[in-house]
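Report on the structure
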Amino acid sequence: MIYIHIPFCKQKCSYCNFHFSTSLNFKDEMLAAMKKEILLRKDELQNKTLQSLYFGGGTPSILSPDEIKSLIDEVVKHFNFENDIEITLEANPDDLDKSFLKGLSDSPINRLSIGTQSFFEADLQLMNRAHSSSEAEDSIKRSQDFGFENLSIDLIYGSPTSNMEIWKQNLNKTIALEVPHISSYALTVEPKTALGNWISKGKIISPKEEEQNQEFYYLSDFLKDKGFQHYEVSNFAKPGFYSRHNSAYWKYKEYLGIGPSAHSYNGFNVRSWNVANNQQYVKKLSSGLLAKEQEILSQKDQFNEMMMIGLRTTWGVDLNGLNEKFNGEIMEYFYNEIKSKLEEGILVIEENHLKIPERHWFMADGIAADLFMV
């Protein structure tokens, strides 16, 4: 599978620390550099038949449909597509007007991930989102009108501008709009963000973990009652609408990341990442050089990653695979570490897979981190 990072946004959200630029001055050069990178790295994937192609960012919908198609055309030159390939475009609601959706409906894009975040104006203003509450709703309806039924939306809970009643209304609106996939995250305070600065200066209150905990479990119970499957800590889907792309990440499949700051993984022991600087990225690729670094993952690194990723999912960690992959010293450590957590019920073993019971999922990252080898 391939991930393409589009490093442009109209404006900076208050909570975001991802790599992007609000300047489009180098957009044409950037697109040319991405095509060059696809060419130079076409042999890195062992499987040349793609099951998924994902445009993330940044804001991929800041590109025109023709620019998106041109990137897909470049991928097609070097890779085969499964007949039912999932091709996802992350999009902001304010970009999804009729003209854009018409152009997109004539492209191979067959899944949209819409950055809704909330249907309430106060939440959107705090987050410095570019869209309004009405655009949040209208963009979903318009997308469906243009034939995009495979939709995912992002929702953020635990904002200082929100509460349980508002959160319930957000979820009811989502159900009424018949969205089949939801990715939902607690508002987190990242360093070097506007949100972090406001909180440090006392301009707004910090999100309360106890309230976020309550909203998370309400979210899970509510969506399961509506026919959704809670298949990863932050992801919910109607049957048949799992994110194929993200599921491959969580199952340690190989993937190729194109664009500034994009990461890649060979499915075994090598991770690489591109420079998180647009000008440096373009300069390198225009000279025919890759703008990436890489690391060889040690056995401990691989073990820690499998704990962190696997324990966030409904599938858990495959104990057979673990025993095949790691040596006796690591497995002795592993079984010693999980013993007390199994006794406490924080971890369980089902069909030879280690899992965190869903009632403890809000603390999944901390539970996994307790198992890390240092």
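Everything below is about the structure shown above.
All of the points below concern the structure found in this document. What you are looking at is a predicted structure, and each value in this text was computed from that prediction instead of being measured.

Focus: the overall build of the protein
What the protein contains, in helices and strands, is 14 helices and 15 strands. At 21 Å, the protein has a C-alpha radius of gyration in line with the 21 Å of a compact globule built from 374 residues. A principal-axis box enclosing the C-alpha atoms of the protein has dimensions of 55 × 50 × 45 Å. In the protein, which comprises 374 residues, the proportion classed as buried is 51%. For the protein, restricting intrachain contacts to residue pairs at least 6 apart in sequence, the fraction spanning at least 24 positions comes to 70%.

Things to note about the sheet that holds strand E10 (residues 263-265)
The antiparallel open sheet is built from 3 strands, whose spatial order is E10-E11-E12. Either end of the sheet is taken by a strand with one partner, and the two such strands are E10 and strand E12 (292-296). Strand-to-strand twist of the sheet, defined as the mean angle between neighbouring strand axes without regard to direction, takes the value 20 degrees. Two elements, strand E11 (residues 270-274) and E12, share 5 bridges in a ladder whose sense is antiparallel. Counted as the bridge partner of Trp273 is Glu293 from E12.

Notes on the nonpolar core
Residues Ile2, Ile4, Phe55 and Ile109 are the most contacted members of the largest nonpolar core, which totals 81 residues. If you tally residues by element for this core, the top one is helix H1 (residues 27-40), at 5 residues. If we skip the residues at most four places from it in the chain, Ile4 touches Met34, Ile38, Leu53, Tyr54, Phe55, Gly56, Val75 and Ile258. The next biggest cluster of nonpolar side chains, apart from the first, holds 9 residues, and it includes Cys13, Cys16, Leu126 and Ile156.

Focus on the sheet that holds strand E5 (residues 151-157)
Pairing in this open sheet of 9 strands is mixed, and the strands run E7-E8-E6-E5-E4-E3-E2-E1-E9 from one edge to the other. Two strands in the sheet have a free side with no partner beyond their single neighbour: strand E7 (229-232) and strand E9 (256-258). Here the average twist between neighbouring strands, direction ignored, is 20 degrees. Relative to strand E4 (residues 111-117), strand E3 (residues 80-91) runs parallel, the two being bridged by 4 bridges. For Ala91, the partnering residue across the bridge sits in E4 and is Ile114.

So, the packing of helix H11 (residues 299-310) against helix H13 (residues 328-344)
Direction vectors running N to C along H11 and H13 enclose 35 degrees, while the axes themselves pass 11 Å from each other. Crossing of H11 over H13 shows right-handed handedness. On H13, the residues that touch Gln299, Lys300, Phe303 and Met307 of H11 are Ile330, Tyr333 and Phe334. Of the residues contributing to the contact of H11 with H13, the split by class is 5 nonpolar, 1 polar and 1 charged.

Here's the deal with the packing of helix H6 (residues 164-176) against helix H8 (residues 209-225)
Here H6 crosses H8 at 30 degrees, and the two axes come no closer than 11 Å. Compared by their axis directions, H6 and H8 come out roughly parallel. Judged by the twist between their axes, the crossing of H6 over H8 is right-handed. Seen from H6, the contacting residues are Met164, Trp167, Lys168, Leu171, Asn172 and Ile175; seen from H8, they are Gln214, Glu215, Tyr218, Leu219, Phe222 and Leu223. Split into classes, the residues belonging to the contact of H6 with H8 amount to 8 nonpolar, 2 polar and 2 charged.

A closer look at the environment of Arg41
Within the element layout of this structure, Arg41 appears in the loop between H1 and strand E2 (49-57). Placed 326 residues apart in sequence, Arg41 and Ile367 show a C-alpha to C-alpha distance of 37 Å. Excluding residues within four positions of it along the chain, Arg41 makes contact with Leu256, Gly257, Ser264, Ser272, Asn274, Leu290 and Lys292. Side-chain polar atoms of Arg41 contact the backbone oxygen of Gly257, separated by 3.1 Å.

Thoughts on helix H10 (residues 278-286)
When we look at burial in H10, the residues that qualify are Asn278, Tyr281, Val282 and Leu285. Considered in projection along H10, the buried side chains sweep an arc of 95 degrees and stay on one side of the axis. Exposed side chains of H10 directed beyond 90 degrees from the buried face belong to Gln279 and Lys283. Residues of H10 that are buried in the fold lie against H1, E9 and E11. The N-cap of H10, judged by a side-chain oxygen 3.1 Å from the amide nitrogen of Gln279 a few residues on, is Asn277. Gly288 lies just past H10 and shows a positive phi near 80 degrees.

Considerations on the pattern of salt bridges
What the rule picks out here adds up to 20 salt bridges. Between Lys48 and Asp43 there is a salt bridge; the shortest N-O distance is 3.6 Å. Residue classification places Lys48 among the partly exposed residues on the basis of a relative accessible area of 26%. Looking at Asp43, the relative accessible area reads 60%, which means it is exposed. Ionic pairing is found between Glu350 and Lys355, a salt bridge with its closest N-O pair at 3.4 Å. Residue Lys355 is classed as buried on the basis of its relative accessible area, which comes to 19%. In the salt-bridge network here, residues are joined through shared partners; they are Glu37, Arg41, Glu44 and Lys292.

The rules behind these values
Residues numbered from 1 in each chain as written. Predicted model: local features only at pLDDT ≥ 70, side-chain atom pairs only at ≥ 80, totals over all residues. Heavy atoms only, no water. Helix = DSSP H or I, 4+ residues; strand = E, 2+ residues; numbered from the N terminus. Rg over C-alpha atoms; globule rule 2.2 N^0.38 Å. Buried < 20%, exposed > 50% of the residue type's maximum accessible area, 1.4 Å probe, protein only. Contact = heavy atoms within 4.5 Å. Pairing = 2+ DSSP bridges. Axes fitted to C-alpha atoms, helices over the stretch in contact; angles between N-to-C directions. Core = buried A, V, L, I, M, F, W, Y, C linked by side-chain atoms within 4.5 Å. Left-handed = near helix turned anticlockwise from the far one by under 90°. Nonpolar A, V, L, I, M, F, W, Y, C, P; charged D, E, K, R; others polar. Parallel < 35°, antiparallel > 145°, perpendicular 65-115°, else oblique. Polar contact = N/O pair within 3.5 Å; in protein donor to acceptor, adjacent residues only side chain to side chain. Arc of directions from axis to C-beta. Salt bridge = Lys/Arg side-chain N within 4 Å of Asp/Glu carboxyl O.

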